[in-house]
Each structure stands twice: as structure tokens, then as C-alpha cells.
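Given next are the chains, with one letter for each unit.
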Amino acid sequence: MSATATVMVALGDRSYPVAIGAGTLARLGARLQELGLGKRIAVITNPTVAKLYRATVERALVDAGFTVTVLEVPDGEEHKNLAWLTFLYDRLVDARLDRDCAVVALGGGVIGDLAGFTAATFQRGVPFVQVPTTLLAQVDSSVGGKTAVNHPGGKNLIGSFHQPRLVWVDVQTLRTLPRREVQAGMAEVIKHGAILGPALFALLEEQLEAVMALDEGLCVEVVRQNCAIKAAVVAADEREGGYRAVLNFGHTMAHAIEVLTDYRAFLHGEAVAIGMAFAARLSVARGACPPTVAARIVALLQRAGLPTELPRELVTPTLAVAVAADKKAAGGKVKFVLIEDIGRVRFEMLSGEEVLAHARA
């Protein structure tokens, strides 16, 4: 397998590459020079990532001639909110950054979403670059241009589409992740295989342990396959007019779980794993797929060390309200992604009460 790979996200004049490699962080500055960005860059990160990679990234940018401002937001989904967005605006204004600046998101999905929305709205929009350091961000959230912050009423309710100029993936950053973060990232990998990548799903069934042991060449290939799946969906439906909702497999329930637990009980990938297992079983119950298909999905999630059972204490009428509050709800119903086979899905419009009834079954 190749040690490097590039996937193009084809969006006309807003197309951009996802560059996947190993040991590439130190070359980030030279690559940004080639993009013709302004000379002032704000790097948005969190304290954990900053301890590991701030020095490398900052040196790479300074050596390439950029003036760098580094801003840190505390770890955790609970900080992806309007208060911390305002903090970032204030710091950008204090640094006298203008429309010629660019934003670099250095971290996982929370940082990518928050930094991306900052870039989308500061000075009516400035360029930004994704440098994802977690598996979940590398295979999913860094690609596609979705940026957002959470609201007490729901996850990602305040956001915009703002495509990055570049996604720069260094799979060596995965080595510093806690095991739990690697497991959480595998939820999105399994999701892509389940909905649109039967070859990827088969690879995971055969080599899951090697992937989770972070074999370098295998990681590059797995990230490449995931990004290719995501890029194809984004190119077909950039702003989620219809087809892109396929990527929400497991996410409707996951978002409800996160809201009901104040984003503290589960990592995003763990909530997605529970949501996928629920959606797979729901697919069987509604006649969308045979039990063997759902069993393969649940078994792979469990092999990855992920939770697959909805906590019983969440199975209350409040769950129906949380599901119905999903930002993709319409007319009181949510477009639920059901599995027909590995690599094939269908949509069904379900009310929160119908979902709750299945959860109680």
C-alpha cells in the first residue's frame, strides 16, 4: 500500500484535496504557501493537541513566512458553543486579523467544527484548512464543509457550509490518541463501510485489529477509502438537499443521546455506534434488511470495543422530543437512514414517538 494518497473533493472552483500521509505535519507550511493564502494565520486548537503538535505546526508555518496566532479552546464537545465562538471572535479582533487571514483547525471534530464556523463567519468568511488529528476527524468531519456550534436545544443547530481549501491528514497523529478515541473514530469508519463501502466493510471484518493497532500503511488506505466515500457524497449533494443524508446513519439517535447526556457521557463516535446498532435493529424490525445484515454491523462495532445498547434510562418520552428536535426534522418527522444490505440504504420518515416505540420494544 502507498504511504501517501490524495482524494479530491470535486466542487467546481471550490474543489480541494485531502492529502493523506505519514509524518507530514512539518511540511504543512510549504503546502499552504502553494495555496496562495494571506500571510497571517490563526491556528485554533485545544490544550491537549497543542502540547503535542503546536510547536511542529507553528514552526512549519513560521518557516514558510507566515505570521501565526495560536488560540486554544478547552477539550470537549461541551465547549463547541456560542460562548467559545465569541471568545475566538474576540481574540481574532484583538490580533487585528482581517480578510486576508486564514484559519487552520488543528485537532479533532470539535475543533474542526468550531474553527470552521469561525472562519465561515469572521469578516464574512475567510479561508480555512483542516489538519485533523483524530481518526474520527480524519475519516469524516474534516471533509465536506459542515461547520457548526451546538445549542442547548440540539447538536449543530447553528452552522454553515464552508469548504476548506485543504485537508492535511498525518496518520502518525493517531499514535498519540487514547485507545478510547481510536475506538470512537472506528464508528465513522464502520459507518462508511456499512452505507456505501462493502469493500471497506469487508476489509474491516478481515483486518480490524491491524487497523486499530494503527498499522501505518493500512491507516493511510483506510482513511483514503473513507475520504473517497465521503467526497463522492459531498460532490453529489454538497448542502444536504437529499442524498447526503445517507451519511447520517446512526446519527439521529446519536445526537439525541448526546443532548440528553449533556455531551458528557459518550464520545461522539460512541454515541454514533449506539445509534448505528439501533438503526440496524430498527431496519430489521421494519423489514428493510434480514437479521444477518444487522448482526454483521453490530458484531463489527462490538469487535471495535464500541457500545451498542441504548441506555435504558434514556428510553423516556424525552427521547422522542430529542429525536424530533434533530435539525433535519420536517413536519414532525425525521429522515431515518435504514440499512437494506451492506453498502445499500433507504430513508424512512419517522416521528419521535415511533422511534421511542422501537426503543421500548
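Further up the page is the structure itself.
Being a predicted model, the structure only gives us computed values, none of them experimental. (Residues numbered from 1 in each chain as written. Predicted model: local features only at pLDDT ≥ 70, side-chain atom pairs only at ≥ 80, totals over all residues. Heavy atoms only, no water.)

1. Section: the overall build of the protein chain
Applied cut-off: By definition, any uninterrupted DSSP run of H or I lasting at least four residues is a helix, any uninterrupted run of E lasting at least two residues is a strand, and each is numbered from the N terminus. What the globule rule says is 2.2 Å times the number of residues to the power 0.38, and the radius of gyration is computed from C-alpha atoms. Buried means the residue's accessible area, taken with a 1.4 Å probe over protein chains only, is under 20% of the maximum for its type, while exposed means over 50%, and partly exposed covers the values in between. Note on areas: Shrake-Rupley, 1.4 Å probe, and residue coverage restricted to the protein chains presented here. Under the convention used here, Asp and Glu are negative, Lys and Arg are positive, and both His and the chain ends fall outside the count. In this description, the location of a charge corresponds to atom NZ of lysine, CZ of arginine, CG of aspartate or CD of glutamate.
Counting its secondary structure elements, the protein chain contains 13 helices and 11 strands. Computed over the C-alpha atoms, the radius of gyration of the protein chain is 20 Å, within 12% of the 21 Å expected from 2.2 N^0.38 for a compact globule of 361 residues. Oriented by its inertia axes, the alpha-carbon framework of the protein chain measures out at about 60 × 45 × 35 Å. For the protein chain, buried positions account for 58% of its 361 residues. With an accessible surface of roughly 13800 Å², the protein chain has 53% of that area assigned to carbon and sulfur atoms. Counting 37 positive and 37 negative side-chain charges, the protein chain places the averaged centre of each group 3 Å from the other.

2. Let's talk about the packing of aromatic side chains
The criterion, for reference: The pairing test for Phe, Tyr and Trp rings, Trp by its six-membered ring, is centres within 6.5 Å, and the orientation test on the planes gives stacked under 30 degrees, edge-to-face over 60, and tilted for anything in between. As a reminder, the over-ring test applies to NZ of lysine and CZ of arginine, requiring each to be within 6 Å of the ring centre and within 35 degrees of the ring normal.
As enumerated under the stated definition, the model contains 2 aromatic pairs in all. Here the aromatic rings of Trp 84 and Phe 87 are separated by 4.9 Å at their centres, their planes lie at 70°, and the arrangement is edge-to-face. You can see Trp 84 and its partner Phe 87 sitting in helix H3 (residues 82-94), 3 residues apart, about one turn around the helix. What makes Trp 84 partly exposed here is its relative accessible area of 24%. Lying across the ring of Phe 347, Lys 335 places its NZ or CZ 4.9 Å from the centre.

3. Considering the nonpolar core
So the rule is basically this: Residue types Ala, Val, Leu, Ile, Met, Phe, Trp, Tyr and Cys, when buried and joined through side-chain atoms within 4.5 Å, form a set referred to as a nonpolar core. The contact rule is simple, with two residues in contact once any of their heavy atoms fall within 4.5 Å.
Residues Val 18, Met 186, Leu 204, Phe 249 and Ile 297 are the most contacted members of the largest nonpolar core, which totals 84 residues. Sequence-distant contacts of Phe 249, that is, excluding residues within four places in its chain, are made with Lys 191, Ala 194, Ile 195, Met 276, Ala 279, Ala 280, Ile 297, Val 337 and Ile 339. With 23 residues, the next largest nonpolar core counts Ala 19, Leu 32, Val 68 and Val 129 among its residues.

4. Brief notes about the pattern of salt bridges
Basically, it comes down to this: Here, a salt bridge means any side-chain nitrogen of Lys or Arg that lies within 4 Å of a carboxyl oxygen of Asp or Glu.
Scanning the model with the defined rule gives 25 salt bridges in all. One salt bridge in this structure joins Glu 77 and Lys 155, with 2.7 Å as the shortest N-O distance. Note that Glu 77 is positioned in the loop between strand S4 (67-72) and H3 and Lys 155 in strand S8 (residues 154-161), a separation of 78 residues in sequence. The pair formed by Glu 77 and Lys 155 is uniform in burial state, with each residue classed as buried. For Glu 78, the salt bridge goes to Arg 264, with nearest N and O atoms at 3.9 Å. With a gap of 186 residues between them, Glu 78 in the loop between S4 and H3 and Arg 264 in the loop between helix H9 (251-260) and helix H10 (268-285) connect regions that are remote in the sequence. On the accessibility criterion, Arg 264 (62% relative accessible area) is exposed.

5. Quick word on the pairing of strand S7 (residues 146-151)
Convention followed: We call two strands paired when DSSP finds no fewer than two bridges between them.
Where S7 meets S8, 5 bridges bridge the pair, whose relative direction is antiparallel. Considered in S8, the bridge of Ala 148 is made with Gly 159. Counting the residues between successive antiparallel strands, the hairpin from S7 to S8 contains 2 residues.

6. Let's talk about unusual backbone geometry
In the Ramachandran plot, Gln 123 falls in the positive-phi region, its phi being about 55° despite a non-glycine side chain. Summarising the element assignment, Gln 123 is placed in the loop between helix H4 (109-121) and strand S6 (128-132). Overall, Gln 123 belongs to the partly exposed group, its relative accessible area being 32%. Positive phi is not limited to glycine here, since Arg 124 has a value of about 60°.

7. Some remarks on the environment of Leu 314
Tracing the backbone through its elements, the reader meets Leu 314 in the loop between helix H11 (291-303) and helix H12 (317-324). Judged by its relative accessible area of 9%, Leu 314 is buried. Between the C-alpha atoms of Leu 314 and Thr 118, which are 196 residues apart in sequence, the distance is 33 Å. Every residue in contact with Leu 314, bar those within four places of it in the chain, is listed here: Ile 257, Leu 260, Thr 261 and Leu 319.

8. Re H10
Keep this limit in mind: Every helix has an expected span of 1.5 Å times one less than the residues it contains.
Between its first and last C-alpha, H10 extends 25 Å over 18 residues, near the 26 Å set by a 1.5 Å rise per residue. Most of H10 is tucked away: 15 of the 18 residues are buried.

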